[in-house]
Amino acid sequence: MKFSTLLYRFLIVGLLSCLTLNAQKAETPDYRYDIGGKINDMTLTDGGTLVIASNDGLVGVKPGSNDLVFNFTDYGRVKPEEVYYVPGAPYVVVGQTGFASLSSKKAVIDYLSGATLFSTEKDGWKNVFSCDVMMPQNKLVVSGFQKGEGKHHGVTPKVAVYDLDTGKEDYSFFLVEPGKVTMKNYTVTGTPLLLQDKLLIPTSQGVLAKSKTGETLWESKLKNINWMVANSSEEDIYAFITSQNKTNTKIHKIANNGTILWEDEAKVKGVVTNFEILKQGLAVVSNTYNEGKSILAGRSESKIALLNAVNGEDLWDKAPKTKGYVQHFYIMEDGILFGIYEGGINKVSFDGKTLFKKPLKTGENILTMAQTPQGLIYITSEDANIVNLSTGEQVWSKPLKYKRADAISSTYDEKNDRYLISADEELFAVAAKSGSVSTLAKSKFEGKESPSHVEVRSNGILLTSDQNMMNLNWEGEKNWHEYKRAPGKSAFGAILAGVTAVASAAGSVAANHSANRNRNVLGNYTARGKREADLANGLAAASGASVAEMLKRFKATAATQDAQFVLTKLESGVGLVKLNKDSGATEKEILLKDKKPEYMVDDFGGILYYKANDKTVFAYDLTK
């Protein structure tokens, strides 16, 4: 089951189109939000606030009041590409660049409290070049030119650290001595590294280490660093420089006192997408992108290496072949386990020896890799099996194969100790102990749909799609089937599921390494994913009221866990129907009277948000 459907299941239906005023005749909402400007985009955040981009600015709303959480209009219309939601934190960063990139404005908003914690205008900055949120420290590091009374303000590059609990400045410093004449250009080139007792700033002239009072502790001549990471003791620091054409990445090792520890940098092909500091060495995954280049450039694929932490040399005489991109990467007690998107799973020891007798062939797109008592379960878009983690041998006599399905869903049936895998219109049951596979049911859904989700309920097995719900008994026999016809192809043109987008693979390594040190640990297969718990654990060390509120939401049970919401045509027009997952009974109807409604459901909060017209959003409490 995908994480996005576990954390929030939003259904954003219909094409973006201008709604008529007749849409205001919808059922009276529990809350109404008048946005002011024309609504261009709506995003339901990790923390539960609905953030709305309009022609006037950025607006935040959440249930409990008709008042706006915040209404940020300082920059006028905000484009989607100018908004960044910090993963696992209650902050949205708004950034706009002026003509010819000569000016840059930034603002950081706490979308739960509504406070603007930082902005170039509020905090007196002339121009901001970088603006990085540090979690779990809950700090903000800003670089640029700051306004001031002194003649050197506005022309001397400066860095400041802000406390995101309060929005107040902790300390600040100039990158060069104010008034000093120099031909050197000091520009922040990458993401700073915030340690317990110092801040490391990568610049075009080298790395600067600053104390919490702004005092320079040391300088390193390593220029143009993109990102850095430290080991758990913060004694060793690794710095990464990716070439402009992304053909290679150089890795340097620096001591806590600034001493360069490796005589020569380590070099890996492509862009580093995963990096793990181990007692056996440094595990590195990098991606090469050679599309359109000559055959001599090599294929586009992931490279895996284990580097010597003492000198940076490659510990493996021969790197394991991937023949594709690494989709899963896990550190085990005896080696490294990895799965390839194009298909295939392998395991290599820390001394470079292949632990599986031969690479395991799998279907494309490995959706799930997880621990079970019988071994490693994998589920792809084409097949599934359990394999012995020591040898790579199949536990099931043969893999469960199905035609490449558009929708794959799986869960563990604890009551009957079996795995349930739904692929297109077939539900497979796999006995956990024996591995015996059987077709439990063939489900014929109406409206040309196939099941997209399987769930174990107290009274049986539930299969669902956008318009269908079917309950089966433990033997796979149908108890009941509810189908609500879609209001029309035009109204049901697009269905999108998800949460705030996570940073790209290359960027997420730098952004999330310190906050989530367990990302390369193979988890156990359970009926419910543990992503919410992982996010909560990553925030546990952070302080602040909004962070605590977000943490509480991650740990909460979805308010609508026992209901599904279906868009259909009611007697008086198009509306949303709330169906009970255990009985299929209709518990609530919300009349929208809109042929192309734009809406989303917050499962955790139990709220339906509906764009009533160009400037208005209605909210309905689905728990009533």
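Calculation rules
Residues numbered from 1 in each chain as written. Predicted model: local features only at pLDDT ≥ 70, side-chain atom pairs only at ≥ 80, totals over all residues. Heavy atoms only, no water. Helix = DSSP H or I, 4+ residues; strand = E, 2+ residues; numbered from the N terminus. Buried < 20%, exposed > 50% of the residue type's maximum accessible area, 1.4 Å probe, protein only. Lys, Arg positive; Asp, Glu negative; His and termini not counted. Salt bridge = Lys/Arg side-chain N within 4 Å of Asp/Glu carboxyl O. Contact = heavy atoms within 4.5 Å. Pairing = 2+ DSSP bridges. Arc of directions from axis to C-beta. Phe/Tyr/Trp six-rings, centres within 6.5 Å; stacked < 30°, edge-to-face > 60°. Lys NZ or Arg CZ within 6 Å of the ring centre and 35° of its normal. 1 Å grid on protein atoms, 1.4 Å probe; cavity = no way out; pocket = protein on both sides within 12 Å on 5 of 7 lines; lining within 4 Å. Points joined across faces, edges and corners; volume = space filled by probe spheres on them. Nonpolar A, V, L, I, M, F, W, Y, C, P; charged D, E, K, R; others polar. Patch = residues over 30% accessible without salt bridge, like charges linked within 9 Å, V, L, I, M, F, W, Y side chains within 5 Å. Areas by Shrake-Rupley, 256 points an atom, 1.4 Å probe, with all protein chains shown as cover. Charge placed at Lys NZ, Arg CZ, Asp CG, Glu CD. Axes fitted to C-alpha atoms, helices over the stretch in contact; angles between N-to-C directions. Core = buried A, V, L, I, M, F, W, Y, C linked by side-chain atoms within 4.5 Å.

Draft legend 1. Spotlight on the side chain of Asp132. With respect to the helices, strands and loops of the structure, Asp132 is situated in strand S10 (residues 125-134). No salt bridge is formed by the buried Asp132; its nearest oppositely charged neighbour, Lys106, is found at 8.3 Å. When neighbours within four sequence positions are excluded, Asp132 is seen to be in contact with Lys139, Leu140, Val141, Gly190, Thr191 and Pro192.

Draft legend 2. Expanded view of the pairing of strand S44 (residues 607-613). Within S44, 7 of the 7 residues are buried, which leaves it mostly tucked inside the rest of the structure. Pairing between strand S43 (residues 599-602) and S44: 4 bridges, direction antiparallel. Along S44, the bridge assignment pairs Tyr599 with Tyr610. Between the antiparallel neighbours S43 and S44 lie 4 residues, among them Gly606 with a positive phi of about 70°. In terms of strand pairing, S44 meets strand S45 (residues 616-621) through 6 bridges, oriented antiparallel. By the bridge assignment for S45, Ile607 is matched with Asp621. Between S44 and S45, which pair antiparallel in sequence order, lie 2 residues.

Draft legend 3. How the structure looks around helix H4 (residues 545-555). Regarding H4, the residues found buried are Ser546, Val547, Met550, Leu551, Arg553 and Phe554. Viewed along the axis of H4, the buried residues span an arc of 160°, placing them on a single side of the element. Away from its buried face by more than 90 degrees, H4 exposes Ala545, Lys552 and Lys555.

Draft legend 4. Local environment of the sheet that holds strand S14 (residues 193-194). Ordered by their spatial adjacency, 4 strands build an open sheet running S14-S15-S16-S17, and the pairing between neighbours is antiparallel. Both outer strands of the open sheet, S14 and strand S17 (216-220), are each paired with one neighbouring strand and no more. Inspection of the sheet shows strand S16 (residues 206-210) paired to S17 by 4 bridges, in the antiparallel sense. Bridging from a neighbouring strand, Lys210 pairs with Thr216 of S17.

Draft legend 5. A look at the packing of aromatic side chains. One pass over the structure, following the stated rule, counts 14 aromatic pairs. Centroid distance Tyr412 to Tyr419: 5.5 Å. Interplanar angle 45°. Geometry classified as tilted. Tyr412 gets classed as partly exposed once you look at its relative accessible area, which sits at 22%. Between Tyr610 and Phe618, the aromatic rings sit 6.3 Å apart at their centres with planes inclined by 65°, giving edge-to-face as the arrangement. The burial state of Tyr610 is the same as that of Phe618; both residues are buried. Chaining the aromatic ring pairs together yields one cluster made of Trp227, Tyr238, Phe240, Trp262 and Phe275. Above the ring of Phe174, the side-chain terminus of Lys158 is found at 5.1 Å from the ring centroid.

Draft legend 6. Geometry of the pairing of strand S41 (residues 573-580). Where burial is concerned, most of S41 is hidden: 8 out of the 8 residues are buried. Bridge count for strand S40 (residues 563-570) against S41 is 8 bridges, and the pairing is antiparallel. Within the sheet, the bridge partner assigned to Thr568 lies in S41 and is Gly575. With 5 bridges joining them, S41 and strand S42 (residues 586-591) adopt antiparallel strand pairing. The residue bridging Leu576 from the neighbouring strand is Ile590, located in S42. With antiparallel pairing between neighbouring strands as the criterion, S41 and S42 make up a hairpin whose turn holds 5 residues, including Gly584 at a positive phi of roughly 80°.

Draft legend 7. Seen up close, empty space enclosed by the protein. For the structure on display, the rule yields 3 cavities of 30 Å³ or more. The calculated volume of the second largest cavity comes to roughly 40 Å³. Here the lining of the second largest cavity is built from residues that sort into 5 nonpolar, 3 polar and 1 charged.

Draft legend 8. Structural context of the environment of Pro80. Positionally, Pro80 belongs in the loop between strand S5 (70-72) and strand S6 (83-85). For Pro80 and Thr43, which are 37 residues apart along the polypeptide, the C-alpha to C-alpha distance reads 10.0 Å.

Draft legend 9. Expanded view of a negative patch on the surface. Together, Glu263, Asp264, Glu265 and Glu313 line one region of the surface with negative charge. Mapping Glu313 onto the fold places it in the loop between strand S24 (302-307) and strand S25 (326-331).

Draft legend 10. Spotlight on the pattern of salt bridges. Evaluated as defined, the whole model comprises 22 salt bridges. In this structure, Glu455 engages Lys581 in a salt bridge whose closest nitrogen and oxygen atoms are separated by 3.1 Å. Taken as a pair, Glu455 in strand S36 (residues 453-457) and Lys581 in the loop between S41 and S42 lie far apart in primary sequence, 126 residues in all. The residues Glu455 and Lys581 share a single accessibility class, namely buried.

Draft legend 11. Layout of the sheet that holds strand S23 (residues 281-287). The antiparallel open sheet is built from 3 strands, whose spatial order is S22-S23-S24. Two strands close off the open sheet at either side, each with one partner strand: strand S22 (271-278) and S24. On average, each strand axis in the sheet is inclined to that of its neighbour by 15°, with strand direction left out of account. Note: S23 against S24, 6 bridges, orientation antiparallel. Across the sheet, Ala283 pairs through a bridge with Leu306, a residue of S24.

Draft legend 12. Representation of the nonpolar core in the model. The biggest cluster of nonpolar side chains holds 19 residues, and the ones touching the most others in it are Tyr91, Val108, Phe118, Val133, Leu140 and Val142. Among the elements of the structure, strand S7 (91-97), strand S9 (116-119), S10, strand S11 (139-146) and strand S12 (158-163) are those that each provide at least two residues to this core. Looking at this core, the element that brings in the most residues is S10, giving 4 residues. When sequence neighbours within four positions are dropped, the list of residues in contact with Val142 reads Phe118, Trp125, Val128, Ser130, Cys131, Lys158, Val159, Ala160 and Tyr162. Formed by 18 residues, the second largest nonpolar core is a distinct cluster that contains Leu58, Val83, Val92 and Ile109.

These figures come from the coordinates and say nothing about function on their own.
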